[in-house]
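A closer look at the structure
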Amino acid sequence: LACGVVFVAVPGRAAMRAAVVAAVVAAAFALAATPEAAHAVDPQAAVRLNKEALSYAYKNELRDALELFQQAHEADDTNAEVVNNLGVTEMRLGMLREAREHFERALFLQPDHQEAVMNLRDLEQYEKPKPVDPAVAALAKSGKPHERKKLPRITLEQLYTDPEYLPMLRGRAPFVLVGAFKGTWATAQSKWKMDYFQREFGERVVDFYPHNMDDEKVRPYLTPMRDVVDELREPSGRFPSDPKHPGTYAQWNVDATVWNKLEGEFGFLPREFTADDSWLYGCLTDFEMVNTYLTSTHWRMLLIGTKGAGMFNHKDTLRTSSYQAQLVGSKRWHLCGPSQDRFVYRAGAVDMFDPDYVKFPLVRNASCYDDVVHAGEFVFYPRDWWHQTINMEELNMAITGTIADANNFDSVQEELTRDCNKDNPSIIPKNPVMCKRLERCYDWWRDAFLGDFVPRAAAKKSARSCPRSEQPVVRRPRAGRR
């Protein structure tokens, strides 16, 4: 696979290839030595995934192709064709640094790989500085930063009674909800200490990021909670760290059993944030299937992090709305609506807290929100909103949930249906029964969401009467959430 061209061998280029290979051997060895490289190789799975990825690439469905090429690379990172194809897809998506790494890796694996040689040459053309529009250049040098507004801060009473906040009530604009806990969260705040999580949930598996989540390429270590707590207290040296990326982060995708327990302790969530119970149990019906859905989609999470930890600028994969309740510490948020897409480049490209306006001049045109959410406050953002976060205090703890609402259920359905139709789904493990039951959820959504933020009449929570299971559902997590 190449960018629109099938490349063939060209006589006389052997010297050029040899020079390229010599220049990248050291970098390739470094890539081969990373901890992620030490895994079981499955060449047949890599070939199968590569073939499926190509089918998406030829249809120009590059995000789906990228995901499958990445899976193929994880299955066998010694397959030069897979590595090259991954690089081509990254180049077509503008991920030039990653593309160069993979083209160089392909050449290390197969020094006579013609397509990789030609792709590196093409990549150089992309990497060369392009002429900048004079108006854009002038704006880049003007010293004018992009617009950063404070988020609206409103109470529950204002949310329900003030017409000014109707867009927030209907889930169409971001806001910070203040005073909603009204002291009920004090129990959780006093109880939720490190010892508590280590004692109560020590065996539960958590997505652990010892080197922060401020880069799109970072992947978690699946680690028991007991070890995560120890690492948060005092790093053991078992995990890699990088002084350029300070901060440690733990993201726990919780099942219904854990959520019920935690919710009982923090005591209160506004009904706007709990309406999903009415359809989760209504259409999925089986408690274990609900658990699988919750953990696979990262629907509900507990987040624990140290100062400086956060997540790069991105949009959520499922195109849902989301809320986050800050229990301990404070977190800075940068939010940009989908209308700002053309100004923020791609996920992870720009640090929106401290943008390089010379390298990314269009950012100066962006109009976004930049605010700090404190303990006892909720933040909400709608579908397709860009968000970047960073923890502001030594210990930060929050719960976060995903919302299917009248503004996004169609796109959530589209993403889940697409995933169900894949041979190798990336969101929910291959499960025909789950996919069939999700079709009932789609019908439920269409009947329930009549333009309001929540179903007009949400059913009573079924979780209280469902049998509880202590068995965690564990799978390799997707990249990119909050």
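Below you will find a few notes about this structure.

So, the packing of helix α4 (residues 80–92) against helix α5 (residues 96–109)
α5 packs onto α4 with a crossing angle of 160° between their chain directions and a minimal axis gap of 8 Å. Taken together, α4 and α5 sit at an angle that is classed as roughly antiparallel. The handedness of the crossing between α4 and α5 is left-handed. Where α4 abuts α5, its residues Ala-80, Val-83, Asn-84, Leu-86, Gly-87, Val-88, Glu-90 and Met-91 lie against Leu-96, Glu-98, Ala-99, His-102, Phe-103, Arg-105, Ala-106 and Leu-109. In the contact of α4 with α5, the residues fall into 10 nonpolar, 3 polar and 3 charged.

Considering the packing of aromatic side chains
Taken as a whole, this structure holds 21 aromatic pairs when the rule is applied. Ring geometry for Phe-273 against Tyr-323: centres 4.4 Å apart, planes inclined by 10°, an arrangement best described as stacked. Here the residue Phe-273 occupies a position in the loop between α13 (256–266) and α14 (277–283), and Tyr-323 occupies one in strand β9 (residues 321–328), the gap between them amounting to 50 residues. Here Phe-273 matches Tyr-323 in class, with each residue buried.

Thoughts on the pairing of strand β13 (residues 386–391)
By the criterion of burial, β13 is predominantly enclosed, with 5 of the 6 residues buried. Where strand β8 (residues 310–314) and β13 come together, 3 bridges link them in antiparallel fashion. Bridge assignment links Gly-310 to a residue of β13, and that residue is Ile-390. Of the strand pairs in this sheet, strand β10 (residues 330–336) and β13 are connected by 6 bridges, and their pairing is antiparallel.

Re the sheet that holds β10
If you walk across this open sheet you meet the 5 strands as β1-β11-β10-β13-β8, and the pairing is mixed. Strand pairing shows two members of the sheet lacking a second neighbour, β1 (147–149) and β8, which therefore form its edges. Averaged over all pairs of adjacent strands, the angle between their axes in this sheet comes to 20°, without regard to strand direction.

Details of the pattern of salt bridges
In this structure the tally under the stated criterion is 27 salt bridges. Of the charged contacts, one joins Arg-332 and Asp-370 as a salt bridge, the two residues approaching to 2.8 Å between their closest N and O atoms. In this pair, Arg-332 is assigned in strand β10 and Asp-370 in strand β11 (residues 367–374), connecting sequence segments 38 residues apart. For Arg-332, a relative accessible area of 24% puts it in the partly exposed group.

Reading the values: rules and limits
Residues numbered from 1 in each chain as written. Predicted model: local features only at pLDDT ≥ 70, side-chain atom pairs only at ≥ 80, totals over all residues. Heavy atoms only, no water. Axes fitted to C-alpha atoms, helices over the stretch in contact; angles between N-to-C directions. Helix = DSSP H or I, 4+ residues; strand = E, 2+ residues; numbered from the N terminus. Parallel < 35°, antiparallel > 145°, perpendicular 65-115°, else oblique. Left-handed = near helix turned anticlockwise from the far one by under 90°. Contact = heavy atoms within 4.5 Å. Nonpolar A, V, L, I, M, F, W, Y, C, P; charged D, E, K, R; others polar. Phe/Tyr/Trp six-rings, centres within 6.5 Å; stacked < 30°, edge-to-face > 60°. Buried < 20%, exposed > 50% of the residue type's maximum accessible area, 1.4 Å probe, protein only. Pairing = 2+ DSSP bridges. Salt bridge = Lys/Arg side-chain N within 4 Å of Asp/Glu carboxyl O.

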